[in-house]
Amino acid sequence: MRILFVFILLYVYAFNSMIFYSEYQNNLYNFRMTIKSIVKSKYVYINAIYYVIITILTVIMANFHAKTLIYGVIYMLMCCLYTLIIKANMIHFDIVFTRKMSRLFIINLAAYLCFILPSFFIYNSYYLIYFMFACYIVLQWIFIAMSLAINYPIDKYIESKYIKLAKDKLLCLPNLKIIAITGTYGKTSVKEILYTLLSVKYNVVKSPGNYNTTFGITKTILEYVKNDTDILILEMGANVVGDIKKLCEIAHPHYGILVSIGLQHLASFGSIENIIKTKSELSDYIDKNNGVVVFNYANDYIKNIADSYKGEKVLCGDVDASQSLCYAKNILCDINGTTFDFVLDHETVTNIHVPVLGSKSVENIVCAISMAHVVGLNLEDIKIGLKNIKIVGARLEKIMLPKGAILINNGYNSNIDSCQMSFEVLSYNVDKIKVVVTPGLIELGHMQYDINYKFGERIARVADRVAIIKQENRQAILDGLLSLDFNKEHIMYFDTYMECYEKYIKNLDSNYVVLVENDLPKYYK
């Protein structure tokens, strides 16, 4: 009976923990973000209250020792029923058991057993063990935090091992040129364009997808770089001050591109000053190692960094800057792409057409052209490469819907600066009904409401219809829309993108153009 009893408790634990981990798995890699997301979630408090109620009711129903097994079965069924109810009402996704997630789960299970079983074997009390189990559920977030703390040195050891392997491999490739790209937004687009240009002449490797962390960069070096690789292009992301410096110390880049700086990830950085400081870590590192940095001079924050930079630098993207190596002019945009002229080292190339949308996208192309020229491409090579440029998925990607509507997918990421380009693209369709579908902007800390309010105002100036996804920023966007007297009847609300597509978007005909602006991770409500 005792063995069966233990299995019942393990089953209830596993059932509840799966829900918990699937809800928070994207934050479990950062202690501070885990605690913030758990405390912020009403699920934790509802969970605690319900398990206390279940425990009390079950104790009342099983009031003598002879019915302990029935007690356990009732308790298990009530817990599972509650968990199913919670699961049915949560926006969840399947848990992915990576090696780290598996370690966390095992550590948490061990902590659970150490907490529960002594009361059973030492005091031989079924009632006490159920009370302890209820306490565990109420305090589960503490056990998660403890699991993270225990797992931290293990992670650091594994990380240091892979970093050493990556560094050792780079030491064996002294002729490999390494280019690092960073920015608040636009990193991936610049990386893809630069890769396309350099591939005309060189054997190039780029970090796949958005591999821009310690793990992503070491994995790229260890798995993708070969002995005959000429150039390695790395995208470098950051969440806190010091992240870019750490990545530079792993990869030792010879060249760098500062693409953009804007109001994004404020929740983790804390301020725009910290964002500027972090992005500057790339140029600071390259300066100390006598490399070359390309600065997007069209970005005001980067312009200030470039003006004070003492190392070897290349300015681009600003036609008014007499020192600009490359800039674009005569930019013409429509829903089918962008045509422009560009000047590179005082030579003009005219009538370049690319499928990317929006005049601001040309800034990314100009950054890539500048670095390609610095690395060794001549004008003819660059022109050949420009013919091969393609749209990066979910970055102002044009899609034709079944009934004729145009969908502009900018769902990968967005912020209050880059969204202006999306609205510019939407405005090209003057003869169509313009629809904006968005969950708003995230990771903005104390500025979350104010920036989404401003975001709502901008939407009101270009859109005829608005669909707000999820509840995270619903009120702020709504307030911004209504501040400019946007028609309430033209505002729709959906819990998920899929619901919006099935109930609204897929039925739109050729009179409509739909902009999908930004996406939220699934653990946002």
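One structure accompanies this document, and this report is about it.

The rules behind these values
Going along each chain's sequence as written, the residues are numbered from 1 onward. Local features in this predicted model are restricted to residues whose pLDDT is 70 or higher, and side-chain atom pairs enter the listing and the counts only when it is 80 or higher, whereas totals over whole chains, interfaces and linings include all residues. Each side-chain value is derived from all of the structure's non-hydrogen atoms; neither hydrogens nor water enter the calculation. In this description a helix means any DSSP run of H or I spanning at least four residues, a strand means any run of E spanning at least two, and both kinds are numbered starting from the N terminus. Burial classes: relative accessible area under 20% of the type maximum marks a residue as buried, over 50% as exposed, and values in between as partly exposed (1.4 Å probe, protein chains only). The contact criterion used throughout is that any non-hydrogen atoms of two residues lie within 4.5 Å. Every accessible area reported is derived by Shrake-Rupley at a probe size of 1.4 Å, with residue values counting cover from the shown protein chains alone. Only strands joined by at least two bridges in the DSSP assignment are considered to pair. Axis geometry follows a simple rule: fit a line to the C-alpha atoms, using only the stretch in contact for helices, then measure angles between N-to-C directions, giving values from 0 to 180 degrees. The term salt bridge refers to a pairing of a side-chain nitrogen on Lys or Arg with a carboxyl oxygen on Asp or Glu at a separation within 4 Å. To sort the angles, those under 35 degrees are grouped as roughly parallel, those over 145 as roughly antiparallel, those from 65 to 115 as roughly perpendicular, and the leftovers as oblique. Residue polarity is assigned by list, with Asp, Glu, Lys and Arg as charged and Ala, Val, Leu, Ile, Met, Phe, Trp, Tyr, Cys and Pro as nonpolar; anything else, Gly included, falls into the polar class. Here a cavity means grid points, on a 1 Å grid over the protein atoms only, where a 1.4 Å probe fits yet cannot get out; a pocket means an open set of points with protein on both sides within 12 Å along at least five of seven lines; lining residues are those with an atom within 4 Å of a point. Grid points are joined across faces, edges and corners, and a volume is the space filled by probe spheres set on the points. Here a pair means two rings of Phe, Tyr or Trp (six-membered ring of Trp) with centres within 6.5 Å. Their orientation is stacked below 30 degrees between planes, edge-to-face above 60, and tilted elsewhere. Lysine NZ or arginine CZ positioned within 6 Å of the ring centre and within 35 degrees of the ring normal marks a charge as sitting over the ring. We call two N or O atoms a polar contact when they sit within 3.5 Å, provided that within protein one can donate a hydrogen and the other can accept it, with sequence-adjacent residues counted only if both atoms are side-chain atoms.

## Some thoughts on the overall build of the chain
Within the chain, the secondary structure is distributed over 19 helices and 15 strands. Here the chain, with 525 residues, has 53% of them falling under the buried criterion. Sequence separation of at least 24 residues holds for 69% of the intrachain contacts in the chain that already meet a minimum separation of 6. For the chain, the computed accessible surface area is about 24,000 Å², with 58% contributed by carbon and sulfur atoms.

## Observations concerning the sheet that holds strand β6 (residues 312–316)
Pairing is mixed in the open sheet, where nine strands are placed in the order β2-β3-β1-β4-β5-β6-β7-β8-β9. The open sheet has two edge strands, β2 (204–206) and β9 (347–354), and neither has a second partner. Within this sheet the neighbouring strands show an average axis-to-axis angle of 20 degrees, counted without direction. Two strands pair when backbone bridges link them, and strand β7 (residues 324–334) and strand β8 (residues 337–344) are joined in this way by seven bridges, in the antiparallel orientation.

## A closer look at the pattern of salt bridges
Summed over all chains, the structure comprises eleven salt bridges. Residue E223 is joined to K219 by a salt bridge in which the shortest nitrogen-to-oxygen separation is 3.0 Å. Pair noted here: E223 and K219 are both in helix α9 (residues 214–224), with a separation of four residues, about one helical turn. Given the relative accessible area of 42%, E223 is considered partly exposed.

## Re the packing of helix α10 (residues 243–251) against helix α12 (residues 272–288)
Across the interface, α10 lies against α12 with an axial gap of 7 Å and an inter-helix angle of 30 degrees. Taken as axis vectors, α10 and α12 run roughly parallel relative to one another. Here α10 contributes D243, I244, K245, C248 and E249 to the contact with α12, which in turn contributes T278, E281, L282 and Y285. Classifying every residue of the contact of α10 with α12 gives four nonpolar, one polar and four charged.

## Observations regarding the pairing of strand β12 (residues 433–438)
The buried fraction of β12 amounts to five of the six residues, a majority that puts the element mostly inside the structure. Inspection of the sheet shows β12 paired to strand β15 (residues 512–517) by five bridges, in the parallel sense. Its bridge partner lying in β15, V435 is registered against V514. Sheet topology note: the β12/strand β13 (residues 465–469) ladder contains four bridges and is parallel. Directly across from V435, in β13, lies its bridge partner R465.

## Side note on the sheet that holds β13
With mixed pairing, the six strands of this open sheet are ordered in space as β10-β11-β15-β12-β13-β14. Each end of this open sheet is capped by a strand with a single partner; those strands are β10 (397–400) and β14 (491–494). This sheet shows a mean twist of 20 degrees between the axes of neighbouring strands, independent of strand direction. Along the sheet, helix α16 (residues 419–427) makes contact with β11 (406–410), β12 and β15, crossing β15 at roughly 170 degrees. Here helix α17 (residues 448–462) sits on the sheet in contact with β12, β13 and β15, set at roughly 160 degrees to β12.

## A short note on the environment of I217
With respect to the element layout, I217 can be found in helix α9. Relative accessible area serves as the criterion here: at 0%, I217 is assigned to the buried category. For the pair I217 and A166, spaced 51 residues apart in sequence, the C-alpha to C-alpha distance is 8.7 Å. Look past the residues within four positions of I217 in its chain and what remains in contact with it is L234, E235, M236, L247, I250 and A251.

## Section: the layout of surface pockets
Left-over empty space is what a probe sized like a water molecule reveals as it rolls over the atoms. The volume enclosed by the second largest pocket comes to roughly 260 Å³. For the second largest pocket, the lining is made up of 15 residues, of which L170, I178, A251, H252 and H254 are closest to its centre. Sorting elements by how many residues they give to the lining of the second largest pocket places helix α7 (residues 140–171) first, with three residues. Of the residues assigned to the lining of the second largest pocket, the class counts are nine nonpolar, five polar and one charged.

## Some remarks on the pairing of β9
Taken together, the six bridges between β8 and β9 define a ladder with antiparallel strand orientation. Across the sheet, residue F340 finds its bridge partner in β9, namely I352.

## So, the environment of K303
Turning to its location among the elements, K303 is positioned in helix α13 (residues 300–308). Measuring from C-alpha to C-alpha, the distance between K303 and D318 comes to 9.8 Å, with 15 residues separating the pair along the chain. What K303 contacts, discounting residues up to four positions off in sequence, is Y297 and D318.

## Remarks on the packing of aromatic side chains
If you walk through the whole model with that rule in mind, you get four aromatic pairs. Between F340 and F342, the aromatic rings sit 6.4 Å apart at their centres with planes inclined by 45 degrees, giving tilted as the arrangement. Note on F342: relative accessible area 0%, which makes it buried. Against the face of Y195 rests K206, its NZ or CZ located 5.1 Å from the ring centre. Taking NZ or CZ as reference, R395 lies 3.6 Å from the ring centre of Y412, over its face.

## Quick word on the environment of L109
With respect to the helices and strands, L109 occurs in helix α5 (residues 99–121). Take L109: its relative accessible area is 26%, and that puts it in the partly exposed class. In the structure, L109 is positioned 34 residues away from F143 in sequence and 9.3 Å away in space, judged by C-alpha atoms.

## A closer look at the side chain of Q448
Following the sequence through the fold, Q448 ends up in helix α17. Within the structure, Q448 has its side chain in polar contact with the side chain of N473 (distance 2.9 Å).

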